[in-house]
Amino acid sequence: MKVLVITASKHGATREIGAAIAAELREAGLTAVEAEPGEVSGLDGYDAVVLGSAVYMTQWMENIRNLMAHHGRELRELPLWAFSVGLSGVPVGAVQDPRRIGPHLLSINPIDHQTFKGRMDLSGLSLRERSIARLGNAPEGDFREWDKIRGWARQIAADLKEHLPAR
Ligand SMILES: Cc1cc2nc3c(=O)[nH]c(=O)nc-3n(C[C@H](O)[C@H](O)[C@H](O)COP(=O)(O)O)c2cc1C
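Described below are features of the structure shown in this document.

Thresholds applied
Residues numbered from 1 in each chain as written. Predicted model: local features only at pLDDT ≥ 70, side-chain atom pairs only at ≥ 80, totals over all residues. Helix = DSSP H or I, 4+ residues; strand = E, 2+ residues; numbered from the N terminus. Near = placed C-beta within 6 Å. Axes fitted to C-alpha atoms, helices over the stretch in contact; angles between N-to-C directions. Parallel < 35°, antiparallel > 145°, perpendicular 65-115°, else oblique. Left-handed = near helix turned anticlockwise from the far one by under 90°. Contact = placed C-beta atoms within 7 Å. Buried ≥ 20, exposed ≤ 12 C-beta atoms within 10 Å, placed from the backbone. Expected span 1.5 Å × (residues − 1). Bend = angle between axes of the 7 residues up to and from the residue.

### A word on the overall build of the protein chain
The helix and strand inventory of the protein chain stands at five helices and eight strands. Ordered by position in the sequence, the α and β elements of the protein chain form the string β-α-β-β-β-α-β-α-β-β-α-β-α.

Structure, rendered in structure tokens:
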């Protein structure tokens, strides 16, 4: 069974989460291919997709929104899981909360959508990004919860094996 793990990441935190998910799927005996949105020309040959994006200014990144616009029909035809990566400690419902990016996700109908905490390293940001992060009182640090991420990936593998056993 072949799973495509697509991640949109600007500063690497989301890409590394995608890599951990792919590693866990491989550990479970699946074939997992990692890609950035711009590398995906079609979904032929894949049995499932995991789609994740960093959240910037309350939105999924533009490259992954473009991918959803161009490949929406194919994406809807496959079992699909989605995750968003955003700030830590944002109260549910606050304007920066990645859960609010839902409308993009409704168009591709994921089986599940998870929000994972990301990483904020001010030294790696542009001046503009840094001032936005300061305005939002963004806490600096790496808040990624690897056990939660890996556990979610294992659940995806188990669901796929149960529902698509013959592939
Ligand atoms: C300029 C800027 C804007 C951001 N806006 C949001 C936001 O609206 N909601 C959120 O949850 N996180 C926001 N974040 C936090 C990022 O999503 C987080 O740092 C994430 O881990 C970045 O992932 P990446 O390294 O894969 O690009 C923002 C970060 C920056 C620097």
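### Notes on the site of the ligand
Close to the ligand lie 24 residues; S9, H11, T14, G86 and G118 are nearest. Secondary-structure elements contributing two or more residues to the shell around the ligand are α1 (13-27), β3 (48-56), β5 (80-86), β7 (119-120) and α4 (127-135).

### Some details on the packing of α1 against helix α5 (residues 146-163)
In contact at an axis separation of 8 Å, α1 and α5 are set at 45° when each is read in the N-to-C sense. Between α1 and α5, the interaxial angle falls into the category oblique. Crossing geometry of α1 relative to α5 is assigned as right-handed. Here I17, A20, I21, E24 and L25 of α1 come into contact with α5, specifically with W146, I149, R150, A153, R154, I156 and A157.

### Describing unusual backbone geometry
Phi angles above zero are rare outside glycine, and M57 is one such case at about 50°. Along the chain, the position of M57 falls in the loop between β3 and β4 (59-60). Judged by the 8 C-beta atoms lying within 10 Å of it, M57 falls in the exposed class. Even without being glycine, N109 reaches a positive phi, approximately 50°. Within the secondary structure, N109 is located in the loop between α3 (102-106) and β6 (112-117).

### Quick word on helix α2 (residues 62-77)
The first and last C-alpha atoms of α2 sit 22 Å apart over 16 residues, in line with the 22 Å expected at 1.5 Å per residue. The sharpest bend along α2 reaches about 85° and sits at H71. Every buried residue of α2 is listed here: I64, L67 and L75. Buried-residue contacts for α2 involve β1 (2-8), β3, β4 and β5.

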